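Here's the letter readout for the chains.
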Amino acid sequence: MLIQGPSGSGKSALALQLMAFGAELVADDVTLLRIADGRVTASAPPSLPHAIECRGIGLIRARLADPAPVVLVVDMSVTETQRLPEPAHIRLLDHALPMLKKIESVHFPAGILQYVRGQGRLQE
């Protein structure tokens, strides 16, 4: 998934929580997007340090995963207030991708990880 939002919105904190659940980090802070095999793919720039920022601790070492398809965009700039929101999409590189807004709840990282593993919502 691609996590987007302004500085301080919780992107790296969400990524760290997802990593604690077994997700792999492709890149922190700067991500290269391209089309590969008809899908939007994310990769790390060659100069990117193998690290992730942890607010209050600093840059901590992290293994970066190989390029991966983007199957979901999480927008940390907007908080979802609906219990069962309508499906939303965003266009990246002329491809429509599902998009979720930030949820202020402890279940958010587990929920979006299951969203990706389970391949979306029932109504999509």
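The model shown is predicted, which means the values in this text are computed figures rather than measured ones. (Residues numbered from 1 in each chain as written. Predicted model: local features only at pLDDT ≥ 70, side-chain atom pairs only at ≥ 80, totals over all residues. Heavy atoms only, no water.)

Moving on to the sheet that holds strand 2 (residues 32–36). What the 3 strands build is an open sheet, ordered 2-3-6; its pairing is antiparallel. Either end of the sheet is taken by a strand with one partner, and the two such strands are strand 2 and strand 6 (68–69). (Pairing = 2+ DSSP bridges. Helix = DSSP H or I, 4+ residues; strand = E, 2+ residues; numbered from the N terminus.)

This brings us to unusual backbone geometry. A positive phi angle, near 50°, is found at Leu 93, a position not held by glycine. Summarising the element assignment, Leu 93 is placed in the loop between strand 8 (88–92) and strand 9 (95–102). Exposure remark for Leu 93: the relative accessible area of 43% places this residue in the partly exposed category. Backbone geometry at Gln 119 places phi at a positive 65°, although glycine is not the residue there. Relative to the elements of secondary structure, Gln 119 occurs in the segment after helix 2 (108–117). The class for Gln 119 is exposed, based on a relative accessible area of 73%. (Buried < 20%, exposed > 50% of the residue type's maximum accessible area, 1.4 Å probe, protein only.)

Before going further, it helps to examine the sheet that holds strand 1 (residues 2–4). Taken in spatial order, the 4 strands make up an open sheet running 1-7-9-8, and their pairing is mixed. At either end of the open sheet lies a strand with only one pairing partner, and these are strand 1 and strand 8. Strand-to-strand twist of the sheet, defined as the mean angle between neighbouring strand axes without regard to direction, takes the value 40°. Where strand 1 lies against strand 7 (residues 73–79), 3 bridges are found, and the strand directions are parallel. In the sheet register, Gln 4 faces strand 7, and the bridge partner there is Asp 75. Each of strand 1 and strand 7 is contacted by helix 1 (residues 11–20), which is oriented at about 150° to strand 1, the strand it contacts most. Of the strands in this sheet, strand 7 and strand 9 are in contact with helix 2, which crosses strand 9 at around 160°. (Axes fitted to C-alpha atoms, helices over the stretch in contact; angles between N-to-C directions. Contact = heavy atoms within 4.5 Å.)

Moving on, we get to the nonpolar core. In this structure, Leu 14, Val 70, Val 73, Val 74, Leu 97 and Ile 112 are the most contacted members of the largest nonpolar core, which totals 29 residues. If you list the elements that add at least two residues to this core, you get strand 1, helix 1, strand 3 (39–43), strand 7, strand 8, strand 9 and helix 2. Counting residues per element, this core draws most heavily on helix 2, which supplies 4 residues. Not counting the four nearest positions on each side in its chain, Val 70 is found in contact with Leu 2, Leu 33, Val 40, Thr 41, Ala 42 and Leu 97. (Core = buried A, V, L, I, M, F, W, Y, C linked by side-chain atoms within 4.5 Å.)

Another point: the pairing of strand 3. Within a regular strand, the side chains alternate between the two sheet faces. Of all 5 residues in strand 3, 4 are buried, a share of seventy percent or more. Pairing of strand 2 with strand 3, which is carried by 5 bridges, proceeds in the antiparallel orientation. Within strand 3, the residue paired with Ile 35 across the bridge is Val 40. What sits between the antiparallel neighbours strand 2 and strand 3 is a turn of 2 residues, in which Asp 37 has the positive phi angle 55°. Summarising the sheet, strand 3 and strand 6 pair through 2 bridges and their orientation is antiparallel. Residue Thr 41 lies in a different strand from strand 6, and its bridge partner there is Pro 69.

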